[in-house]
Amino acid sequence: VITRYVGDVTGDMAQAELPRLWARHREVLAYSSLVDTTAFTGAIGHADIRAIAALWRDFCGGTIPAKRSAIVSRDEMIEMSAKAIFTEFPNHRYAVFTTRAEALAWLTERGG
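Quick caveat: nothing in here was measured; it's all calculated off a predicted structure. (Residues numbered from 1 in each chain as written. Predicted model: local features only at pLDDT ≥ 70, side-chain atom pairs only at ≥ 80, totals over all residues. Heavy atoms only, no water.)

A. Spatial organisation of the sheet that holds strand 2 (residues 33-40). The strand order across the open sheet built from 4 strands is 1-2-3-4, with neighbouring strands paired in parallel fashion. Only two strands of the sheet have a single neighbouring strand rather than two, namely strand 1 (2-7) and strand 4 (93-97). The mean angle between the axes of side-by-side strands here comes to 15 degrees, regardless of whether they run parallel or antiparallel. Its contacts with the sheet place helix 4 (residues 100-108) against strand 1, strand 2, strand 3 (68-72) and strand 4, and it is angled at close to 170 degrees to strand 3. (Pairing = 2+ DSSP bridges. Helix = DSSP H or I, 4+ residues; strand = E, 2+ residues; numbered from the N terminus. Axes fitted to C-alpha atoms, helices over the stretch in contact; angles between N-to-C directions. Contact = heavy atoms within 4.5 Å.)

B. Expanded view of the side chain of Ser73. Structurally, Ser73 is set in the loop between strand 3 and helix 3 (78-86). Judged by relative accessible area, Ser73 falls into the buried class, the value being 4%. A distance of 3.4 Å separates a polar atom in the side chain of Ser73 from a polar atom in the side chain of Thr37. Here the side chain of Ser73 touches Asp75 through a polar contact of 2.9 Å, landing on its backbone nitrogen. Filtering out sequence-adjacent residues up to four positions away, Ser73 remains in contact with Thr37, Thr38, Ile78, Phe97 and Thr98. (Buried < 20%, exposed > 50% of the residue type's maximum accessible area, 1.4 Å probe, protein only. Polar contact = N/O pair within 3.5 Å; in protein donor to acceptor, adjacent residues only side chain to side chain.)

C. Local environment of the pairing of strand 2. As defined by bridge partners, strand 1 adjoins strand 2 across 5 bridges and the pair is classed as parallel. Bridge pairing links Val6 to Ala39 in strand 2. With respect to chirality, the unit in which strand 1 leads through helix 1 (residues 11-24) into the neighbouring parallel strand 2 is right-handed. As paired elements, strand 2 and strand 3 share 4 bridges and run parallel to each other. Looking across to strand 3, one finds that Ser33 is bridged to Ser69. Crossover connection from strand 2 via helix 2 (residues 46-59) to parallel strand 3: handedness right-handed. (Right-handed = clockwise from strand over helix to strand, strands pointing away.)

D. Quick peek at the pattern of salt bridges. Applying the stated criterion across every chain, the model contains 5 salt bridges. Notably, a salt bridge pairs Glu17 with Arg20, separated by 3.1 Å at the nearest N-O pair. Of this pair, Glu17 and Arg20 both sit in helix 1, 3 residues apart, which is roughly one turn of that helix. What emerges from the salt-bridge pattern is a single network uniting Arg4, Asp36 and Arg100. (Salt bridge = Lys/Arg side-chain N within 4 Å of Asp/Glu carboxyl O.)

These values are about where atoms sit, not about what they do.
If you want it as structure tokens, here you go:
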């Protein structure tokens, strides 16, 4: 599943829209994710991430499935942000990349 954040997305916007997307595409439960933030200029804080994690946990029926998540970003601080984000998703393996091609390769490698 590829989610692309474009422009000034806020935490409130993500909290409102992501559950709608999940409801329309229930197959997201079966897939790992690629989050493309290369065109993202907004701000989503850690409190927003905790809220989104709670919404995701509810959507998943109480347990977040073990998956992989790849983040594509040009932000030099993304590694630190990703560490904070993924404390909310303990079953996930995650990695940060600068290109979508690298992220897709990691997501589709054997065992991914």
